[in-house]
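# Observations on chain architecture
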Amino acid sequence: MRSVIQTIILFLIWACDGKSINTNISPQQPVVTTPVSPNNPTLSYWLTTSDQSILLQKQQDVSFLKSISTNPTIEVDSTQEFQSIDGFGFTLTGGSAKLIGLLSATERSNLLNELFGKETQSIGISYLRISIGASDLDEKVFSYNDLESGQKDENLAKFSLAPDKEYLIPILKEILKINPSIKIMGSPWSAPVWMKTNGKSIGGNLALEYYSVYAKYLAKYISEMQKEGITIDAITLQNEPQHGGNNPSMVMSFTDQANFVKNNLGPLFRNENIKTKIVVWDHNCDNPDYPINVLNDNDANQYIDGSAFHLYAGDISALSKVHTLHPNKNLYFTEQWTSSKGAFAGDLQWHIKNVIIGSVRNWSKVALEWNLANDASFQPHTPGGCTECKGALTISGSSITRNVSYYIVGHASKFVPMGSKRIQSITNSNLPNVAFMTPAGKKVLIIENDKSTNVDINVKQSDKLATVSLPAGAVATIVW
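Values in this document were obtained by computation on a predicted structure and should not be read as measured data.

The number of helices and strands found in the chain is 12 helices and 23 strands. Computed over the C-alpha atoms, the radius of gyration of the chain is 24 Å, within 12% of the 23 Å expected from 2.2 N^0.38 for a compact globule of 480 residues. Its C-alpha atoms give the chain principal-axis dimensions of about 95 × 50 × 40 Å. Within the span of the chain, comprising 480 residues, buried residues form 55% of the whole. Nonlocal contacts in the chain, meaning residues at least 24 apart in sequence, comprise 71% of its contacts between residues at least 6 apart.

Structure below.
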């Protein structure tokens, strides 16, 4: 019997000897990594393919070897540093918060840890945008100071965060327990209707006589959220200030924003020692002159941290135009939706190329996709709100489906934490890429194969190359 056991053991040793470990597994499973030898360093990489057969799955580690190759080569230079990174993530809309809040405690905890934690199965979201008052992906329109028609409340005596206390604030508190350092940006879709020229939630302007009151409203929001243990790191002045057709919405010209900042909001923040950053624009890349004009006003400029962009029109290079003229101001990419009518392959390629890679290569500190979650009917939304916005998650009861923007953001958020620096990497028109150095000293390269054929690419480290296979339309995050 003993000889039989010995024979079995010897057979198992022989069978395993020299076999590579299969690490092509989903992020929900434990990942086994290959030990790195100083004499034979390796890189790890995670892959998502356009046909969805591989979704943010770790592949077999690849060694750096001295070799000669004609493959396209991406060289990363960590001595050339650019902007620091605040994070990658989504807008946590009121509708998203409600759907997550209706999950059982266990389901909710598991999901939030997957989204915001740092475990193997997590994607490590590090930045959130929330609406100040309702966005169009809340189930109804509201502000924190809604009054009966004809009433005013210039002292904000009736200000209340009550609409957010049912779902949004409790979910934020759970998230902060998982990731206390997550950064949160607030964006208003509209001022309270009694402060507006048209008295409606759709369109209209902030009435001049309420500029100072609205500044106090925003300051009070920050203060009241702080009392809930929620720090608002930055606010934008108005979501999409040139789109007055959404519900809710409000129109602001660049002159309006400059005047509001220099005469009201900036001085108020300074007097009350509010450290929340003030960010202008928060609209498309087709009009970089808007934030440039605001920043050109020196009296407003002193209070402004930077400007924010979406990409429903224009080119992502608009961010660099602003950076060139105002290099001391930060840039934020704050919104891009995926459509219910979009295809996984096309959305994966376009968003990785433009939102994740493109915005960061054009100086953005942040890259955010739009809504975190909705149901199978793309609800909730306000009357007149977006009916085709596909969340990163589809939540139907206790069933959760991970959609394309989950993987778009996950390819960055999981590997590039807050405090990372963008570093130099060789550009290639068919292989869009961006590189980072993490606070832990890891190099990270995000790369997309924009060709219709499979490509073997070399990653260069000193005098050695590691070769990674990238299927057509696929995305890889490479770490070493």
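Back to the text.
What tends to happen in soluble globular proteins is that the nonpolar side chains get buried as a cluster. Counting 109 residues, the largest nonpolar core has Phe88, Leu92, Met195, Tyr221 and Phe260 as the members making the most contacts within it. For this core, the element with the most residues is helix α6 (residues 211-227), which contributes 10 residues. Beyond its immediate stretch of four places on either side in the chain, Phe260 contacts Leu206, Tyr211, Tyr214, Ala215, Leu218, Leu237, Met252, Leu265 and Gly266.

Turning next to the state of the cysteines. Taken as a whole, this structure holds 1 disulfide when the rule is applied. There is no disulfide at Cys285, and the cysteine sulfur nearest it, in Cys389, is 17 Å away. Look at Cys285 and you get buried, because its relative accessible area is 3%.

Moving on to the sheet that holds strand β17 (residues 399-402). The 3 strands are arranged β14-β16-β17 in an open sheet whose pairing can be described as mixed. At either margin of the open sheet sits one strand with a lone partner, and together these are β14 (373-374) and β17. Of the pairings in the sheet, the one linking β14 to strand β16 (residues 393-396) comprises 2 bridges and is parallel in character. Looking at β16, one finds that Ala373 is bridged to Leu393.

Right, let's talk about the sheet that holds strand β7 (residues 183-188) for a bit. Taken together, the 8 strands give a closed barrel; going around it, the order is β5-β6-β7-β8-β9-β10-β11-β13, and neighbouring strands pair in parallel fashion. Across the sheet, the mean angle from the axis of one strand to that of its neighbour is 30°, orientation sign disregarded. Summarising the sheet, strand β5 (residues 87-91) and strand β6 (residues 127-132) pair through 3 bridges and their orientation is parallel. Within β6, the residue paired with Thr91 across the bridge is Arg129. On top of the sheet, helix α7 (residues 254-271) reaches β8 (234-236) and β9 (277-285); it is set at about 155° to β9, its chief contact.

Most of strand β11 (residues 330-335) is tucked away: 5 of the 6 residues are buried. Here strand β10 (residues 306-314) pairs with β11 via 5 bridges, running parallel. Each bridged residue has a counterpart across the sheet, and for Gly306 the counterpart in β11 is Asn330. Once the chain exits β10 it traverses helix α10 (residues 318-325) before rejoining the sheet at β11, and the crossover so formed is right-handed.

Enumeration according to the criterion identifies 18 salt bridges in this entry. The partner of Asp289 in a salt bridge is Lys321, with the nearest N and O atoms 3.2 Å apart. Residue Asp289 is located in helix α8 (residues 289-296), and its partner Lys321 is located in helix α10; the two are separated by 32 residues in the primary sequence. Overall, the relative accessible area of 38% leaves Asp289 in the partly exposed class. According to the relative accessible area criterion, Lys321 is partly exposed, its value standing at 39%. A network of salt bridges, in which partner residues are shared, links Arg129, Asp282 and Glu335.

Let's shift gears to the packing of α7 against α8. Two elements in contact, α7 and α8, have axes separated by 9 Å at closest approach and are oriented at 35°. For the crossing formed where α7 meets α8, the hand is right-handed. Contacts between α7 and α8 involve Phe254, Gln257 and Ala258 from the former and Tyr290, Asn293 and Val294 from the latter. A per-class count over the contact of α7 with α8 returns 4 nonpolar, 2 polar and no charged.

With an omega of 5°, the peptide bond between Asn247 and Pro248 qualifies as cis. Position of Pro248 relative to the elements: it lies in the loop between β8 and α7. Here the bond from Gln379 into Pro380 is cis, since omega is 0°, no more than 30 degrees from zero. By secondary structure assignment, the location of Pro380 is in the loop between β14 and β15 (389-390). Despite not being glycine, Gln52 has its phi angle at roughly 70°, a positive value. For Gln52, the location among the structural elements is in the loop between β1 (42-48) and β2 (57-58). For Gln52, a relative accessible area of 42% translates into the label partly exposed. Residue Ser462 is not a glycine yet carries a positive backbone phi of 55°. Along the chain, Ser462 turns up in the loop between β21 (455-461) and β22 (464-470). Taking relative accessible area as the criterion, Ser462 reaches 59% and is therefore assigned exposed.

It is worth spelling out α7 at this point. Because an α-helix completes one turn every 3.6 residues, residues spaced three or four positions apart along the sequence face the same direction. Under the 1.5 Å per step criterion, the end-to-end length of α7 is 24 Å for 18 residues, consistent within 8% with the ideal 26 Å. The sharpest bend along α7 reaches about 50° and sits at Val261. When we look at burial in α7, the residues that qualify are Asp256, Gln257, Ala258, Phe260, Val261, Asn264, Leu265, Gly266, Leu268 and Phe269. Immediately beyond the C-terminal end of α7, within one or two residues, lies Asn273, with a positive phi of roughly 55°.

Parameters at a glance
- Residues numbered from 1 in each chain as written.
- Predicted model: local features only at pLDDT ≥ 70, side-chain atom pairs only at ≥ 80, totals over all residues.
- Heavy atoms only, no water.
- Helix = DSSP H or I, 4+ residues; strand = E, 2+ residues; numbered from the N terminus.
- Rg over C-alpha atoms; globule rule 2.2 N^0.38 Å.
- Buried < 20%, exposed > 50% of the residue type's maximum accessible area, 1.4 Å probe, protein only.
- Contact = heavy atoms within 4.5 Å.
- Core = buried A, V, L, I, M, F, W, Y, C linked by side-chain atoms within 4.5 Å.
- Disulfide = S-S within 2.5 Å.
- Pairing = 2+ DSSP bridges.
- Axes fitted to C-alpha atoms, helices over the stretch in contact; angles between N-to-C directions.
- Right-handed = clockwise from strand over helix to strand, strands pointing away.
- Salt bridge = Lys/Arg side-chain N within 4 Å of Asp/Glu carboxyl O.
- Left-handed = near helix turned anticlockwise from the far one by under 90°.
- Nonpolar A, V, L, I, M, F, W, Y, C, P; charged D, E, K, R; others polar.
- Expected span 1.5 Å × (residues − 1).
- Bend = angle between axes of the 7 residues up to and from the residue.

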